[in-house]
Amino acid sequence: VQLVESGGGLVQPGGSLRLSCAASGFTFSSYAMSWYRQAPGKERELVARITSAGDSTNYADSVKGRFTISRDNAKKTVYLQMASLKPEDTAVYYCYFNWWQDYWGQGTQVTVSS
């Protein structure tokens, strides 16, 4: 099982980024997928979750209306479109799913700063 995130970087406040998480080693289309983030000195928190079919999503209150999670089961990839970014969105973002145990990607750094 492998989860590989990409798309992080440095962006100015108000800007946008799209994160991707490429999955392999399991039946991607059968599992809900999530994005978490961890800021320095803080606990890892759930940002967004999407069902296996992509027909239902959930978001942390802090990102509702600004972030959109989506997935392409044919490409085995889950995305996090982030808009209207704020400095408090600065964190390492992780892709996650559970299949008998927790699986995490290596993370991708998102820094929002002018």
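Residues numbered from 1 in each chain as written. Predicted model: local features only at pLDDT ≥ 70, side-chain atom pairs only at ≥ 80, totals over all residues. Heavy atoms only, no water.

(A) Quick look at the nonpolar core. By size, the foremost hydrophobic cluster in this structure holds 29 residues, and its most contacted members are Leu-3, Met-33, Trp-35, Val-78, Leu-80, Met-82 and Tyr-93. Elements with a contribution of two residues or more to this core: β3 (17–24), β4 (33–38), β5 (45–50), β7 (67–72), β8 (77–82), β9 (91–98) and β11 (108–112). When sequence neighbours within four positions are dropped, the list of residues in contact with Leu-80 reads Leu-17, Arg-18, Leu-19, Trp-35, Val-47, Ala-48, Phe-67, Thr-68, Ile-69 and Tyr-93. (Core = buried A, V, L, I, M, F, W, Y, C linked by side-chain atoms within 4.5 Å. Buried < 20%, exposed > 50% of the residue type's maximum accessible area, 1.4 Å probe, protein only. Helix = DSSP H or I, 4+ residues; strand = E, 2+ residues; numbered from the N terminus. Contact = heavy atoms within 4.5 Å.)

(B) Here's a closer look at the packing of aromatic side chains. By the definition in use, this model includes 10 aromatic pairs. Aromatic side chains Phe-26 and Phe-97 sit 4.0 Å apart centroid to centroid with 10° between the ring planes, which places their arrangement in the stacked category. Here the residue Phe-26 occupies a position in the loop between β3 and β4, and Phe-97 occupies one in strand β9, the gap between them amounting to 71 residues. Phe-97 carries the same exposure label as Phe-26, and that label is buried. Ring geometry for Phe-97 against Tyr-103: centres 5.1 Å apart, planes inclined by 15°, an arrangement best described as stacked. (Phe/Tyr/Trp six-rings, centres within 6.5 Å; stacked < 30°, edge-to-face > 60°.)

(C) The pattern of salt bridges, seen in detail. One pass over the full model with this rule turns up 4 salt bridges. The closest approach of N and O atoms between Arg-37 and Glu-45, which form a salt bridge, is 2.6 Å. Between Arg-66 and Asp-89 there is a salt bridge whose closest N-O contact spans 2.7 Å. Remark: Asp-89 occurs in the loop between β8 and β9 and Arg-66 occurs in the loop between β6 (57–59) and β7; sequence separation between them is 23 residues. Residue Asp-89 is classed as buried on the basis of its relative accessible area, which comes to 0%. Each member of the salt-bridge network shares a partner with another, and the members are Arg-37, Glu-45, Arg-66 and Asp-89. (Salt bridge = Lys/Arg side-chain N within 4 Å of Asp/Glu carboxyl O.)

It is worth stressing that arrangement in space is one thing and function is another; only the former is reported here.
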